[in-house]
Amino acid sequence: MNEIDLHGFTHIKAIESAEDFVLKESQKDYFSCKIITGNSTEMIKKIIKMLESHDFNFYIPSWNMGYIIVTS
């Protein structure tokens, strides 16, 4: 599973980078990728808003709230 780690990014740069990453990954027939957000609830909300704007399927695993799994 490919992943992007957003630690150290500003929120604006993180959203842009995550969006580019997920759009690229979604070009595959079936895909699953990981967005590592850390525990910033503000960052997580912004990434979720971006994913919802593109109608991506995603979930945050209960065992680690610091990343988001995006699937086709």
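Values in this document were obtained by computation on a predicted structure and should not be read as measured data. (Residues numbered from 1 in each chain as written. Predicted model: local features only at pLDDT ≥ 70, side-chain atom pairs only at ≥ 80, totals over all residues. Heavy atoms only, no water.)

Focus on the pattern of salt bridges
Here is the rule: Salt bridge, as used here: a side-chain nitrogen of Lys or Arg that lies within 4 Å of a carboxyl oxygen of Asp or Glu. Note on conventions: DSSP H or I runs of at least 4 residues are helices, E runs of at least 2 residues are strands, and numbering of each starts at the N terminus. Only protein chains enter the calculation, and the probe is 1.4 Å; a residue is then buried if its accessible area is under 20% of its type maximum, exposed if over 50%, and partly exposed in between.
A complete count under the given rule lists 3 salt bridges for this structure. Between Lys34 and Glu3 there is a salt bridge; the shortest N-O distance is 4.0 Å. Taken together, the residues Lys34 in strand β2 (residues 32-36) and Glu3 in strand β1 (residues 2-5) connect sequence positions 31 residues apart. One salt bridge connects Lys28 with Glu25, and the closest N-O pair in it is separated by 3.0 Å. Classification of Lys28 as partly exposed rests on a relative accessible area of 40%. On the accessibility criterion, Glu25 (7% relative accessible area) is buried.

Overview of the pairing of strand β4 (residues 67-71)
Defined as follows: By the convention used here, strands pair only if DSSP detects at least 2 bridges between them.
In terms of burial, β4 is a largely internal element, 4 of the 5 residues being buried. Pairing geometry for β2 and β4, over 5 bridges, is antiparallel. Across the sheet, residue Ser32 finds its bridge partner in β4, namely Thr71. Two strands pair when backbone bridges link them, and strand β3 (residues 57-59) and β4 are joined in this way by 3 bridges, in the antiparallel orientation. Opposite Asn57, over in β4, you have Thr71 as the bridge partner.

Topic: the sheet that holds β4
What counts is decided by this rule: Only the stretch in contact is used when fitting a helix axis, every axis being a line fitted to C-alpha atoms; angles between N-to-C directions are given from 0 to 180 degrees. Any two residues whose heavy atoms approach within 4.5 Å are treated as being in contact.
Judged by pairing direction, the sheet is mixed, and its 4 strands sit side by side in the order β1-β2-β4-β3 without closing on themselves. Single-partner strands in this sheet number two, and they are β1 and β3. Across the sheet, the mean angle from the axis of one strand to that of its neighbour is 20 degrees, orientation sign disregarded. Bridge count between β1 and β2: 4 bridges; the pairing is parallel. Of the residues in β2, the one forming a bridge with Ile4 is Ile35. Together, β2, β3 and β4 form the strand contacts of helix α2 (residues 41-53), whose direction differs from that of β4 by roughly 10 degrees.

Comments concerning the packing of helix α1 (residues 11-25) against α2
What counts, and what does not: Rotating anticlockwise by less than a right angle from the far helix to the near helix defines a left-handed crossing, while the corresponding clockwise rotation defines a right-handed one. Each residue receives one of three labels: charged for Asp, Glu, Lys and Arg, nonpolar for Ala, Val, Leu, Ile, Met, Phe, Trp, Tyr, Cys and Pro, and polar for the others, Gly being one of them.
Direction vectors running N to C along α1 and α2 enclose 40 degrees, while the axes themselves pass 10 Å from each other. Of the two elements, α1 crosses α2, and the hand of that crossing is right-handed. Contact with α1, carried on its side by His11, Ala14, Ile15, Ala18, Glu19 and Val22, involves Glu42, Met43, Lys46, Ile47, Met50 and Leu51 of α2 and no other residues of that element. Of the residues assigned to the contact of α1 with α2, the class counts are 8 nonpolar, 1 polar and 3 charged.

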